[in-house]
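# Breakdown of the fold
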Amino acid sequence: MNIVPPLEGFWWQDGICGVDYSKKDEFNWISIIRLPDFITRENFDWAIKTASEKKKIDCTKAEFLTIEEGLCVQIMHIGSFDDEPATVTLMDKYLEENGYEKDFSDTRLHHEIYLSDPRKSTPDKQKTVIRHPVKKDK
């Protein structure tokens, strides 16, 4: 049985450290699908070449990335993407109560892992893992 890992997204806004949900139209993002550890750069390059030739699709924007997220906190959000701010508020409260603070930067971004297929679930039942970079308070 082949299982495809879930779609993931990294989100940021130019000039904003963290996430400002009131400015959703200013989000930038990349989407990723995690590759098994045994997949090498050579395997990836072969797949891009083969898909481009056989399927006649443009794969020029596909990248082979290694992402080291470091220390993070995550929470399961169940519901519409529009309702995420309330869940993030719960996560922020946890950080404050446990001696952590957010640690966003150009390389440490708001990260979402989409566990539900929006074609098969209603928005109120969609499951999304929200992950934020953190560091221990001084």
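Attention in this report is confined to the structure presented alongside it. Not measured: the values here are computed from a predicted model.

### Examining the packing of aromatic side chains
The final tally for this structure, using the stated rule, is 5 aromatic pairs. On the numbers, 5.4 Å between centres and 80 degrees between planes, the contact of Trp11 with Phe27 is edge-to-face. With Trp11 in strand S1 (residues 7-13) and Phe27 in strand S2 (residues 27-33), this pair connects stretches of sequence that are 16 residues apart. With relative accessibility at 17%, the residue Phe27 sits in the buried group. The residue whose ring lies beneath Lys136 is Tyr100, and the NZ or CZ to ring-centre distance is 4.3 Å.

### As for unusual backbone geometry
In the Ramachandran plot, Lys56 falls in the positive-phi region, its phi being about 55 degrees despite a non-glycine side chain. Along the polypeptide, Lys56 turns up in the loop between helix H1 (41-54) and strand S3 (72-78).

### Description of a nonpolar patch on the surface
A contiguous nonpolar surface patch, about 280 Å² in accessible area, is contributed by Val4, Leu7 and Ile33. By the secondary structure assignment, Leu7 is in strand S1. Exposure remark for Leu7: the relative accessible area of 40% places this residue in the partly exposed category.

### Structural notes on the side chain of Glu69
With respect to the element layout, Glu69 can be found in the loop between H1 and S3. Accessibility expressed as a relative area gives 19% for Glu69, which makes it buried. A distance of 2.7 Å separates a polar atom in the side chain of Glu69 from a polar atom in the side chain of His111. Among the polar contacts listed, one links the side chain of Glu69 to the side chain of Arg131, at a separation of 2.7 Å. Setting aside residues no more than four positions away along its own chain, Glu69 makes contact with Phe10, Arg108, His111 and Arg131.

### Considerations on the environment of Asp45
Mapped onto the elements, Asp45 comes out in helix H1. When the C-alpha positions of Asp45 and Ala62 are compared, they lie 9.8 Å apart, and in sequence the two are 17 residues distant.

### Quick look at helix H2 (residues 84-97)
Given 3.6 residues to a turn, an α-helix orients residues that are three or four positions apart in the same direction. Here H2 spans 20 Å end to end across 14 residues, near enough to the 20 Å set by a 1.5 Å rise per residue. Residues Glu84, Thr87, Val88, Met91 and Leu95 constitute the buried set of H2. The buried residues of H2 all sit within an arc of 100 degrees when viewed along its axis, so they share a single face. Seen from the open side of H2, the exposed residues pointing more than 90 degrees away from its buried face are Ala86, Thr89, Leu90, Glu96 and Glu97. Packing partners of the buried residues in H2 comprise S3, strand S4 (100-102), strand S5 (110-114) and strand S6 (127-136).

### Observations regarding the pairing of S1
Regular strands show a simple pattern: their side chains alternate between the two faces of the sheet. Sheet topology places S1 next to S2; 7 bridges connect them, and they run antiparallel. Note on S2: the bridge partner recorded for Phe10 is Ile30. Sheet topology places S1 next to S5; 4 bridges connect them, and they run antiparallel. Looking at S5, one finds that Phe10 is bridged to His111.

How each quantity is defined
Residues numbered from 1 in each chain as written. Predicted model: local features only at pLDDT ≥ 70, side-chain atom pairs only at ≥ 80, totals over all residues. Heavy atoms only, no water. Phe/Tyr/Trp six-rings, centres within 6.5 Å; stacked < 30°, edge-to-face > 60°. Helix = DSSP H or I, 4+ residues; strand = E, 2+ residues; numbered from the N terminus. Buried < 20%, exposed > 50% of the residue type's maximum accessible area, 1.4 Å probe, protein only. Lys NZ or Arg CZ within 6 Å of the ring centre and 35° of its normal. Patch = residues over 30% accessible without salt bridge, like charges linked within 9 Å, V, L, I, M, F, W, Y side chains within 5 Å. Areas by Shrake-Rupley, 256 points an atom, 1.4 Å probe, with all protein chains shown as cover. Salt bridge = Lys/Arg side-chain N within 4 Å of Asp/Glu carboxyl O. Polar contact = N/O pair within 3.5 Å; in protein donor to acceptor, adjacent residues only side chain to side chain. Contact = heavy atoms within 4.5 Å. Expected span 1.5 Å × (residues − 1). Arc of directions from axis to C-beta. Pairing = 2+ DSSP bridges.

Everything listed is a geometric property; what it means functionally is a separate question.
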